[in-house]
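Okay, here's what each chain looks like letter by letter:
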Amino acid sequence: MRDVLPAVIVIANIIDFAAAMVQIASGVVQEKKKILFFQTLQIGMQTVSMTMLQAYTGAVSNVISVIRNVLAVKEKLGLPAKLLLIAAQLALTIFFGDGTIVSWLPFIVCTVYILLMDMKNPIAFKILVTSTFAPWVIYYLVYRSYTGAFFAAATIVANIVSLTRMIRESRKEAAE
């Protein structure tokens with residue numbers, strides 16, 4: 001990882017903060033097309049931030065995630081599409097990665113997510129979502145995306161709270 005100028009780090013974190021605000025704002029949107037638009041905008045902004053911080057494999061992962069989400073919404077994310085996305089991300093990770101374990105985290109996390117995202121059990125899916133955010137905290141910190149790390153950690157906490165409620169409700173329903 002090459003040195004990034006302090007001013008670039010600050011600007012990239014400001015962009016990442018703005019992306020997080022777009023992500024939070026998208027939480028009140030209810031139309032699928034608008035949600036996808038806001039998610040794509042947020043991911044695009046974060047991709048710019050990651051590129052500025054030389055976090056290229058994270059930027060690649062974001063682009064693959066947009067494609068994955070569009071295919072999932074259109075219900076065209078079968079096994080062939082999943083394998084193609086994984087292969088594309090593998091090739092791009094090899095090309096843009098710096099050879100460190102940290103630069104491989106986006107590939108590993110996104111591969112696990114792509115392969116398991118069809119889970120029908122909402123609790124298992126929430127565990128998947130929560131656990132796939134944890135490596136991102138490390139990735140963001142290494143590449144100095146402090147706002148990214150903060151919001152990933154906040155997302156983990158929110159998911160754990162939600163997961164706890166889901167488990168309680170599930171046990172309550174099973175006991176009735």
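Residues numbered from 1 in each chain as written. Predicted model: local features only at pLDDT ≥ 70, side-chain atom pairs only at ≥ 80, totals over all residues. Heavy atoms only, no water.

Here we look at the pattern of salt bridges
So, step 1. Applying the stated criterion across every chain yields a total of 1 salt bridge.
So, step 2. The partner of Asp-118 in a salt bridge is Lys-82, with the nearest N and O atoms 2.4 Å apart. Separated by 36 residues along the polypeptide, Asp-118 in the loop between helix H5 (101–116) and helix H6 (122–142) and Lys-82 in helix H4 (residues 79–96) bring together distant segments of the chain. (Salt bridge = Lys/Arg side-chain N within 4 Å of Asp/Glu carboxyl O. Helix = DSSP H or I, 4+ residues; strand = E, 2+ residues; numbered from the N terminus.)

Some words on the packing of aromatic side chains
So, step 1. For the coordinates displayed, the defined rule picks out 11 aromatic pairs.
So, step 2. Between Phe-37 and Phe-38, the aromatic rings sit 5.5 Å apart at their centres with planes inclined by 70°, giving edge-to-face as the arrangement.
So, step 3. Take Phe-37: its relative accessible area is 52%, and that puts it in the exposed class.
So, step 4. With 6.4 Å between their ring centres and 45° between their planes, Tyr-56 and Phe-96 make a pair best called tilted. Pair noted here: Tyr-56 is in helix H3 (residues 56–73) and Phe-96 is in helix H4, with a separation of 40 residues, a long-range link.
So, step 5. Judged by relative accessible area, which is 26%, Tyr-56 ranks as partly exposed.
So, step 6. Given a relative accessible area of 37%, Phe-96 falls into the partly exposed group.
So, step 7. Site record: aromatic cluster; members linked through ring pairs are Trp-136, Tyr-139, Tyr-140 and Tyr-143. (Phe/Tyr/Trp six-rings, centres within 6.5 Å; stacked < 30°, edge-to-face > 60°. Buried < 20%, exposed > 50% of the residue type's maximum accessible area, 1.4 Å probe, protein only.)

Regarding the packing of H3 against H4
So, step 1. Between H3 and H4, whose axes approach to 9 Å, the crossing angle comes to 165°. Here H4 runs roughly antiparallel to H3, going by the angle between their axes. Crossing of H3 against H4: the hand is right-handed. Only Ala-81, Leu-85, Ala-88, Gln-89, Leu-92, Thr-93 and Phe-96 of H4 make contact with H3, whose side of the interface consists of Tyr-56, Thr-57, Val-60, Ser-61, Ile-64, Ile-67, Arg-68 and Leu-71. (Axes fitted to C-alpha atoms, helices over the stretch in contact; angles between N-to-C directions. Parallel < 35°, antiparallel > 145°, perpendicular 65-115°, else oblique. Left-handed = near helix turned anticlockwise from the far one by under 90°. Contact = heavy atoms within 4.5 Å.)

As for a nonpolar patch on the surface
So, step 1. A surface patch of nonpolar side chains, about 590 Å² in accessible area, is lined by Leu-79, Leu-83, Ile-108, Val-112, Leu-115, Leu-116 and Met-119.
So, step 2. Among the elements of the structure, H4 and H5 are those that each provide at least two residues to the nonpolar patch.
So, step 3. It is H5 that provides the largest number of residues to the nonpolar patch, a total of 4 residues.
So, step 4. Position of Ile-108 relative to the elements: it lies in helix H5. (Patch = residues over 30% accessible without salt bridge, like charges linked within 9 Å, V, L, I, M, F, W, Y side chains within 5 Å. Areas by Shrake-Rupley, 256 points an atom, 1.4 Å probe, with all protein chains shown as cover.)

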